[in-house]
Amino acid sequence: KILLITCVIAFIAVYFRISIIKNLKTEMNSVQIDVDDPDVAALSIKVAVIGDIHLREGEDITKFLKLLDEVKSNSPDFVLLVGDYITGKRRIKDIDSHRRNIIKTFKSLDPIPRAVVLGNHDNFTDREKWFREFKRLGVDILENEVRVMDVAGVKVCVRGLGDYRSHRFRFVDYPAECKNLPKITITHDPQGAFEPGVEGLVFAGHTHCGQVSFPIIGPLKVPTKAPRAAICGLYKDKKRTLFVTSGVGTSIIPIRYGAQSQWDLIDLRF
């Protein structure tokens, strides 16, 4: 009996170890999203979504550069970076240098156009310095504003909304010039997609799809006020089409179970 119990425990331990190792290895997730917007002429755009990288100093930067090479090799038309680029500040010795190195990695995506918003971890590590460093290094960042961008020869209206979790969200509407153009909103916390006035196509991150998620039970805890059905992957209702990426990194504990580390390659069809 003791031997049987020992074997069962050992089997469970091995199963969880293998699952965690697999979930921590970043994979590409391919998705097709059909967007219903009668004002926009039919077209297709290939979009890469990267979120929740939670980079530490040193080796993490090198690994992330390799990931960006993988992203580029898949020839996306547009890259969306949806926040939480940095790990907890207690784990960082030289935060100014680390911040600078992270932003420099984004430049390696050139010449692919990109849209960037900050997450709560970024806002909590001196957000003003993030903005100054983005500007100094010539990398555009959006917060509660709309920009018309050229994506594969097509003009696209990109709205970047501030992170709800860190109290930076403020609703801004699309201007009249965006009426007949494809419209994409990016934010960090998916709760922003459910704030008054926000409609249409939205991309977010923040949740890590729970980071630890069990069959039937689901994730133990998710740090968002967004509806339970809208915390991972594709969600649609009458007002919005929301995609929440599982993200690349981990927060608090370096474990993923039932929530794959991934970046997303999305075929957007208007």
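Further up the page is the structure itself.
For clarity, every value in this text was computed on a predicted model and none was experimentally measured.

Some points on the overall build of the chain
The secondary structure content of the chain amounts to five helices and 13 strands. Principal axes of the C-alpha set define a box for the chain whose edges measure 75 × 45 × 35 Å. Across the 270 residues in the chain, those meeting the buried criterion constitute 52%. Taking the contacts inside the chain whose residues are at least 6 apart along the sequence as the reference set, 74% of them involve residues at least 24 apart. Accessible surface, the chain as shown: approximately 13400 Å² in total, 56% of it carbon and sulfur. When the 40 basic and 33 acidic side-chain charges of the chain are each reduced to a single mean position, those positions are 6 Å apart.

Considerations on the nonpolar core
Core analysis: the largest hydrophobic core is formed by 29 residues, its most contacted members being Ile 50, Tyr 85, Phe 106 and Phe 134. No other element matches the five residues that helix α2 (residues 59–73) contributes to this core. Discounting residues that sit within four places of it in the chain, Tyr 85 has contacts with Ile 53, His 54, Leu 55, Ile 102, Phe 106, Val 116, Val 117, Leu 118, Asp 122 and Trp 130. Core analysis: the next-biggest nonpolar cluster, separate from the first, contains 25 residues, Val 31, Phe 78, Val 158 and Ile 184 among them.

Comments concerning empty space enclosed by the protein
Under the defined criterion, the tally for this structure stands at one cavity of 30 Å³ or more. Empty space within the largest cavity amounts to approximately 30 Å³. Arg 114, Ala 115, Val 116, Asp 140, Ile 141, Leu 142, Arg 147 and Met 149 together form the lining of the largest cavity. Only β4 (114–116) and β5 (145–151) provide two or more residues apiece to the lining of the largest cavity. At three residues, the largest contribution of residues to the lining of the largest cavity is made by β4. The residue makeup of the lining of the largest cavity, split by class, is five nonpolar, no polar and three charged.

Section: the packing of α2 against helix α3 (residues 95–107)
Between α2 and α3, whose axes approach to 10 Å, the crossing angle comes to 15°. For the element pair α2 / α3, the angle class is roughly parallel. In this structure, α2 meets α3 at a crossing whose hand is right-handed. Facing Ile 61, Phe 64, Leu 65 and Leu 68 of α2, the residues of α3 in contact are His 98, Asn 101, Ile 102, Thr 105 and Phe 106. For the contact of α2 with α3, a count of residues per class yields six nonpolar, three polar and no charged.

A short note on the environment of Glu 177
For Glu 177, the position within the fold is in the loop between β6 (154–160) and β7 (183–186). Under the relative-accessibility criterion, Glu 177 is labelled exposed at 58%.

Parameters and conventions
- Residues numbered from 1 in each chain as written.
- Predicted model: local features only at pLDDT ≥ 70, side-chain atom pairs only at ≥ 80, totals over all residues.
- Heavy atoms only, no water.
- Helix = DSSP H or I, 4+ residues; strand = E, 2+ residues; numbered from the N terminus.
- Buried < 20%, exposed > 50% of the residue type's maximum accessible area, 1.4 Å probe, protein only.
- Contact = heavy atoms within 4.5 Å.
- Areas by Shrake-Rupley, 256 points an atom, 1.4 Å probe, with all protein chains shown as cover.
- Lys, Arg positive; Asp, Glu negative; His and termini not counted.
- Charge placed at Lys NZ, Arg CZ, Asp CG, Glu CD.
- Core = buried A, V, L, I, M, F, W, Y, C linked by side-chain atoms within 4.5 Å.
- 1 Å grid on protein atoms, 1.4 Å probe; cavity = no way out; pocket = protein on both sides within 12 Å on 5 of 7 lines; lining within 4 Å.
- Points joined across faces, edges and corners; volume = space filled by probe spheres on them.
- Nonpolar A, V, L, I, M, F, W, Y, C, P; charged D, E, K, R; others polar.
- Axes fitted to C-alpha atoms, helices over the stretch in contact; angles between N-to-C directions.
- Parallel < 35°, antiparallel > 145°, perpendicular 65-115°, else oblique.
- Left-handed = near helix turned anticlockwise from the far one by under 90°.

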